[in-house]
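Now for the letters of each chain:
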Amino acid sequence: MRRFYIFKIKKEYAMITKKNPYHLYRTLEQIYYIDRNEIHLGIEMFTRIIDVLNPKQIDIDLFKKYKENYFYTKYRNVHQIYDIYRQEKTKLTVNRTYLELESSILRPSFLKELENINDLFFCDFENKDFFWLEKVMI
């Protein structure tokens with residue numbers, strides 16, 4: 001199971017880091033592992049880089065798309081797919097500043113629905129992996 005934190009990056013930072021996202025990943029990783037005594041610095045840096053999502057709209061869009069799907073469940077801001085045929089076990093939690101995606105497969109179903117949101121950056125801090133959504137969907 002892999003866990004990705006998905007951030008909507010502000011346009012100016014996205015343009016700067018599109019071709020070489022390593023520095024963006026390192027900055028987000030440092031914020032993720034920041035010491036509790038310096039949390040105010042992490043919050044300030046986070047708000048400079050991250051754009052706020054529209055969680056209600058994402059919830060509505062996902063629900064409309066998957067409500068007829070037998071393998072789909074939703075409870076509050078958590079969307080899940082347990083597809084026994086694809087061997088997919090995916091959980092997407094929608095928050096105001098980030099999305100959290102846990103999945104047992106490399107290309108979860110929810111990625112297609114997130115494609116319409118610009119500048120989404122995926123980070124897996126445990127496995128040191130990162131990528132832009134549009135690079136994966138090509």
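Our subject is the structure that appears above.
Below: a short report on this structure. Here the structure is a predicted model, which is why all the values come from computation and not from measurement. (Residues numbered from 1 in each chain as written. Predicted model: local features only at pLDDT ≥ 70, side-chain atom pairs only at ≥ 80, totals over all residues. Heavy atoms only, no water.)

**Notes on helix α2 (residues 22–32)**
All of the buried residues in α2 are L24, Y25, L28, E29 and I31. The arc that holds every buried residue of α2, seen down its axis, measures 160°, which confines them to one face. Each element contacted by the buried residues of α2 is listed here: β1 (2–9), α1 (11–17), α3 (39–49), β2 (50–51), β7 (120–124) and β8 (129–132). (Buried < 20%, exposed > 50% of the residue type's maximum accessible area, 1.4 Å probe, protein only. Helix = DSSP H or I, 4+ residues; strand = E, 2+ residues; numbered from the N terminus. Arc of directions from axis to C-beta. Contact = heavy atoms within 4.5 Å.)

**Details of unusual backbone geometry**
Positioned with a positive phi, R76 is a non-glycine residue whose angle comes to about 55°. With respect to the helices and strands, R76 occurs in the loop between β3 (72–75) and β4 (78–83). Owing to a relative accessible area of 63%, R76 belongs among the exposed residues under this scheme. Positive phi outside glycine occurs at Q87, with the angle close to 55°. For Q87, the location among the structural elements is in the loop between β4 and β5 (88–94).

**Concerning the packing of aromatic side chains**
Where two aromatic rings form a pair, the distance of their centres and the angle of their planes describe that pair. One pass over the full model with this rule turns up 19 aromatic pairs. Ring centres of Y22 and F130 lie 6.3 Å apart, and the angle between their planes is 55°; on these two criteria the pair is classed as tilted. In this pair, Y22 sits in helix α2 while F130 sits in strand β8, placing the two residues 108 residues apart along the sequence. Plain terms: the ring middles of Y25 and F130 are 4.6 Å apart, the flat faces sit at 15° to each other, and that makes the pair stacked. Within this pair, whereas Y25 is found in helix α2, its partner F130 is found in strand β8, the two being separated by 105 residues in sequence. For Y25, a relative accessible area of 3% translates into the label buried. Taking the relative accessible area as the measure of exposure, F130 reaches 22% and is therefore partly exposed. In textbook terms, an aromatic cluster arises when at least three aromatic residues are bridged by ring pairs, as seen for Y5, F7, Y22, Y25, Y32, Y33, F46, Y98, F121, F125, F130 and W132. Positioned above the aromatic ring of W132, the side-chain terminus of K18 is 3.9 Å from the ring centre. (Phe/Tyr/Trp six-rings, centres within 6.5 Å; stacked < 30°, edge-to-face > 60°. Lys NZ or Arg CZ within 6 Å of the ring centre and 35° of its normal.)

Limitation: the analysis is restricted to geometry and does not speak to function.
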